[in-house]
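# A look at the structure
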Amino acid sequence: MEFTIHSKLADIIHRNYLLLPVLNRFDIQLGFGDRTVEQLCMEKGIHTDFFLVMINSFHDHDYFPQERLLSFPLELILEYTRKSHRFYLDFKVPQIENMIQQLSESADAPLRKHFILIEKFFAQYKAELIEHIQEEENNIYPYITTIDKAVNRGTITPQHVVLIEKNPIKTYADRHDNVEDKLYDLKNLIIKYLPPSQNNTLSNSLLVELFRLERDLNDHARMEDKVLFPMVQKIENQIRKNVL
Amino acid sequence: MTLPKTIILSRNTLAIRGLVQLIHVLQPDPKIETYSSLQQVPSFQQNEEEVLVFISQECFTRNSYVRLEKMYHQNPRNCFVALTAEQIPEQLQVIFEHTINPNESENQILDQLRNIYGIQEGSAAKYSGNTTLSERETEVLRTVALGMTNKEISDTLYISTHTVITHRKNITAKLGIKTIAGLAVYAVLNGIITADEMENSNL
Ligand SMILES: [Fe+2]
Ligand SMILES: [Fe+2]
């Protein structure tokens, strides 16, 4: 684990600026002065341990203390993954969309034809991502919250049993993916197959953003697959046991 | 040359040991990981080096189909090899590129392994990163980009659906493009289909 409670936020960002969006998910903005993780978490009422595990596992993909993650309150995980959804849809996707459009507009006629293909392709990707996230936010997450509350408050009813038998999280988990096949394709189309664009700087930035989004989505899907869904399975088991 | 990383998944300790030994014949110090259950296999990343995955028949249970498919999709450049003396279940046929029958003789299995690892004398190495499509593959790509199903492609080109699937796998591996929509864009960029054809293919 690279960062500890004594690490200064400023040093963390110097060390890895890709963590900035992760900090934002904890409502931490720039301007942290010399504050350490411990100080800042205290001030802001952030769960320090959870925060540390999240930035460390994002920073170093091999660091993934699954047992420890499973021990955090489910709400923390949900809040984090929800904020990630917002980051993708409200910020990252429009940003990439803009870049592609700008590239397209600055290209001359023969090249523009190609960029229009890329624009359409990304639009399809966007639609897929939106659909994925909407299903989670409209169906899966509310289901999780409902059964989590029932167990926490000890208000399990037969309806909850019907609910978990009808649509256990496993059904969703089995077909859950990280929505990045198209992103992967897009990267290769740009790197390998699109004719060179006149606007090199912008093409490079576009690629960088695609790589970042990919990394973030992988991290996100891992949280859902390896932490969130197993947690939900545990809750479902508790409900089953409780009723027997 | 070095062999790609190899993963062996089997509940049969002797089968694992045997296969590991045979791979050692091909190369002194191969990178091999062995697992006895599907759950233990770490997930693959898209940008990782391709991996050769040997999976033994006892893992082909109905419950594991989804999981195996998911594993396959994590990085389609990975090459899956079935270790079985029987027919591979239909749902899993797409996944496997090769089959090794464990009842064959040691020499036969070694030959197959050489073939799989692409170290047969004279044959082009499979892992050379070649990105030019063969004529046949270009034809298949064209039909895929036009939105045809495997069955339709098989009827159009007079090849078996199994062959269609193999071509599709190779195309994806060579180009680094996995989705049909992505392949369609590639096809237009390279003049294999026209932009109008793409429009009309309702992809
Ligand atoms: Fe999600
Ligand atoms: Fe998801």
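Everything numeric in this text was worked out from a predicted model, so none of it was measured.

### A word on the domain arrangement of chain B
All names here are of chain B. Split into domains, chain B comes out as domain 1 (5-117) and domain 2 (135-199). Look at where the C-alpha atoms of domain 1 and domain 2 centre, and you get two points 27 Å apart. The interface is formed by ten residues belonging to domain 1 together with six residues belonging to domain 2. Ranking the residues of domain 1 by area buried against domain 2 places Pro76, Val94 and Glu97 at the top, with a combined share of 55%. Applying the counting rule to domain 1 against domain 2 returns one salt bridge.

### Here we look at the interface of chain B and chain A
Counting residues at the interface gives 23 residues for chain B and 24 residues for chain A. Between chain B and chain A lies a buried interface of about 2,000 Å² when both sides are counted; carbon and sulfur atoms form 56% of it. Taken together, chain B and chain A are joined by two salt bridges. Notably, a salt bridge pairs Lys178 of chain B with Asp181 of chain A, separated by 3.2 Å at the nearest N-O pair. Our count for the contact surface shared by chain B and chain A stands at nine residue pairs in polar contact (both at pLDDT 80 or more). Every element with two or more residues in the side of chain B that touches chain A is listed here: α2 (65-74), α6 (161-175), α7 (180-189) and α8 (195-200) of chain B. No other element matches α7 of chain B, which puts six residues into the side of chain B that touches chain A. In terms of residue class, the side of chain B that touches chain A is built from ten nonpolar, eight polar and five charged.

### Regarding the side chain of Ser84 of chain A
Residue position: Ser84 of chain A is located in helix α6 (residues 74-106). If near-sequence neighbours (up to four positions away) are discounted, Ser84 of chain A is found in contact with Arg25 and His220 of chain A.

### Points about the coordination of the iron ion (ligand 2)
Residues and elements named next belong to chain A. The protein atoms that coordinate the iron ion (ligand 2) are His132 (NE2), Glu136 (OE), His176 (NE2) and Glu224 (OE), at distances spanning 2.0 to 2.2 Å. The coordination sphere of the iron ion (ligand 2) comprises four donor atoms, whose angles at the metal cover 84 to 174°; the geometry is irregular. Positions of the donor residues of the iron ion (ligand 2) along the chain correspond to the pattern H-x3-E-x39-H-x47-E. A separation of 3.0 Å is found between the iron ion (ligand 2) and the iron ion (ligand 1), which are bridged by Glu136. Of this pair, His132 and Glu136 both sit in helix α7 (residues 109-153), four residues apart, roughly one helical turn. Residue class for His132 comes out buried when judged on its relative accessible area of 14%.

### Here we look at the nonpolar core
By size, the foremost hydrophobic cluster in this structure holds 54 residues, and its most contacted members are Leu129 and Leu189 of chain A together with Leu175 of chain B. Looking at this core, the elements with two or more residues in it are α6, α7, α10 (181-193) and α11 (200-243) of chain A together with α4 (135-145), α5 (150-157), α6 and α7 of chain B. When residues of this core are assigned to their parent elements, the largest contribution, nine residues, is made by α7 of chain A. Once you skip the residues sitting within four places of it in the chain, Leu189 of chain A turns out to touch Ile118, Phe121 and Leu194 of chain A together with Ile177, Gly182, Val185, Tyr186 and Leu189 of chain B. Counting residues in each nonpolar core, the second largest holds 50 residues, with Ile13, Ile28, Ile144 and Ile239 of chain A among its members.

### Some remarks on the coordination of the iron ion (ligand 1)
Residues and elements named next belong to chain A. Within the protein, the iron ion (ligand 1) binds to His85 (NE2), Glu136 (OE), His220 (NE2) and Glu224 (OE); these donor distances fall in the range 2.1 to 2.2 Å. Angles of 85 to 168° at the metal separate the four donor atoms of the iron ion (ligand 1), which places the site in the irregular class. Donor residues binding the iron ion (ligand 1) come from one chain and are separated in sequence as H-x50-E-x83-H-x3-E.

### A look at the pairing of strand β4 (residues 79-83) of chain B
Walk down a regular strand and you will see the side chains alternate between the two sheet faces. Residues and elements named next belong to chain B. Of all five residues making up β4, five are buried, and the element is well covered by its neighbours. Burial along β4 is two-sided: the residues Cys79, Val81 and Leu83 and Phe80 and Ala82 are all buried. Relative to β4, strand β3 (residues 51-56) runs parallel, the two being bridged by five bridges. Paired with Leu52 across the bridge in β4 is Cys79. With α2 bridging β3 and its parallel neighbour β4, the resulting β-α-β unit is right-handed. Of the strand pairs in this sheet, β4 and strand β5 (residues 96-100) are connected by four bridges, and their pairing is parallel. Among the inter-strand pairings, Val81 is bridged to a residue of β5, identified as His98.

### A look at the pattern of salt bridges
Residue and element names in this part refer to chain B. Considering all chains together, one arrives at 27 salt bridges over all chains under this definition. When the shortest N-O distance is used, the salt bridge between Glu97 and Lys169 registers 3.1 Å. Residue Glu97 is located in strand β5, and its partner Lys169 is located in helix α6; the two are separated by 72 residues in the primary sequence. Residue Glu97 is classed as partly exposed on the basis of its relative accessible area of 23%.

### A closer look at the domain arrangement of chain A
Residues and elements named next belong to chain A. Each assigned domain of chain A is listed here: domain 1 (9-63) and domain 2 (74-243). The C-alpha centroid of domain 2 is placed 22 Å from the C-alpha centroid of domain 1. Listed by partner, the interface residues are 16 residues for domain 1 and 13 residues for domain 2. Both sides together, the interface formed by domain 1 and domain 2 hides about 1,400 Å², and carbon and sulfur atoms give 60% of it. Considering only the surface of domain 1 that becomes buried against domain 2, Arg25, Phe50 and Phe58 emerge as the three largest contributors, covering 48% of it.

### Some details on the side chain of Lys182 of chain A
Structurally, Lys182 of chain A can be placed in helix α10. The class for Lys182 of chain A is buried, based on a relative accessible area of 11%. Beyond its immediate sequence surroundings of up to four residues, Lys182 of chain A is in contact with Phe121, Gln124, Tyr125 and Glu128 of chain A together with Thr179 and Ala181 of chain B.

The rules behind the values
Residues numbered from 1 in each chain as written. Chains lettered and ligands numbered in written order. Predicted model: local features only at pLDDT ≥ 70, side-chain atom pairs only at ≥ 80, totals over all residues. Heavy atoms only, no water. Domains from an automatic or database assignment. Contact = heavy atoms within 4.5 Å. Buried area = accessible area lost by both parts, 1.4 Å probe. Salt bridge = Lys/Arg side-chain N within 4 Å of Asp/Glu carboxyl O. Polar contact = N/O pair within 3.5 Å; in protein donor to acceptor, adjacent residues only side chain to side chain. Helix = DSSP H or I, 4+ residues; strand = E, 2+ residues; numbered from the N terminus. Nonpolar A, V, L, I, M, F, W, Y, C, P; charged D, E, K, R; others polar. Donors = N, O, S within 2.8 Å, 3.2 Å for Na, K, Ca; no water. Tetrahedral: all angles 85-135°; square planar, octahedral: opposite > 155°, others 65-115°. Buried < 20%, exposed > 50% of the residue type's maximum accessible area, 1.4 Å probe, protein only. Core = buried A, V, L, I, M, F, W, Y, C linked by side-chain atoms within 4.5 Å. Pairing = 2+ DSSP bridges. Right-handed = clockwise from strand over helix to strand, strands pointing away.

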